[in-house]
Amino acid sequence: MEAVAKLKHIRITPMKARRVVNTIRGKQATEALAILKFAPQAASEPIRKLVASAVANAKVKADAANIMFDEDDLIISQAFVDEGTTLKRFMPRAQGRAFQILKRTSHITVVVATPDEVAATAGAKKASKN
């Protein structure tokens, strides 16, 4: 069972969001939620909500397919941050000049999967390389 959750145009710079996403990649979903709950970074709160949404999406998908579901089995198989649109603002400076301010946004994607699904995709990647 694999489920995806995406968050677009969030007003956090991609570099700051990647620091948080790198800490949870590959961990169990419940462990990642605990890590994000107590992380001091500002990006941890929206990412925690995104991981919780991915877990809920997996539950809905399992219920629709009539498959046994356990939240403790889910692993964050993929998590990445892409750069979103940049808001361009100007600030007045000395002697009539204008200084450009770039307000960056991020697109964050989290994929949760069961361990057997992760192993199957890893085996398929290894076979395609050979």
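Placed above this text is the structure.
Residues numbered from 1 in each chain as written. Predicted model: local features only at pLDDT ≥ 70, side-chain atom pairs only at ≥ 80, totals over all residues. Heavy atoms only, no water.

(A) The arrangement of helix α3 (residues 44-65) in detail. Its 22 residues give α3 an end-to-end C-alpha distance of 31 Å, which sits within 8% of 32 Å, the value for a rise of 1.5 Å per residue. When we look at burial in α3, the residues that qualify are Ser44, Pro46, Ile47, Leu50, Val51, Ala54, Val55, Ala58 and Ala62. Buried residues along α3 sit in contact with β1 (2-10), α1 (14-24), α2 (29-38), β2 (75-92) and β3 (98-113). Asn66 sits one or two positions beyond α3 and adopts a positive phi of about 60°. (Helix = DSSP H or I, 4+ residues; strand = E, 2+ residues; numbered from the N terminus. Expected span 1.5 Å × (residues − 1). Buried < 20%, exposed > 50% of the residue type's maximum accessible area, 1.4 Å probe, protein only. Contact = heavy atoms within 4.5 Å.)

(B) Region of interest: unusual backbone geometry. At His9, a position not held by glycine, the phi torsion is positive, near 55°. Along the chain, His9 turns up in strand β1. Relative accessible area serves as the criterion here: at 47%, His9 is assigned to the partly exposed category. Non-glycine residue Asn66 carries a positive phi angle of around 60°. Take Asn66: it is sitting in the loop between α3 and β2.

(C) Molecular detail of the packing of aromatic side chains. Using the criterion set out here, one finds 0 aromatic pairs in the structure. The ring of Phe99 has Arg93 sitting right over it, with the charged end atom 5.1 Å from the ring centre. (Phe/Tyr/Trp six-rings, centres within 6.5 Å; stacked < 30°, edge-to-face > 60°. Lys NZ or Arg CZ within 6 Å of the ring centre and 35° of its normal.)

(D) Spatial organisation of the side chain of His107. As for its placement among the helices and strands, His107 is situated in strand β3. Within polar-contact distance, the side chain of His107 engages the backbone nitrogen of His9 at 3.2 Å. Leaving out residues up to four positions away in the same chain, His107 has contacts with Leu7, Lys8, His9, Phe80, Val81, Asp82, Glu83 and Gly84. (Polar contact = N/O pair within 3.5 Å; in protein donor to acceptor, adjacent residues only side chain to side chain.)

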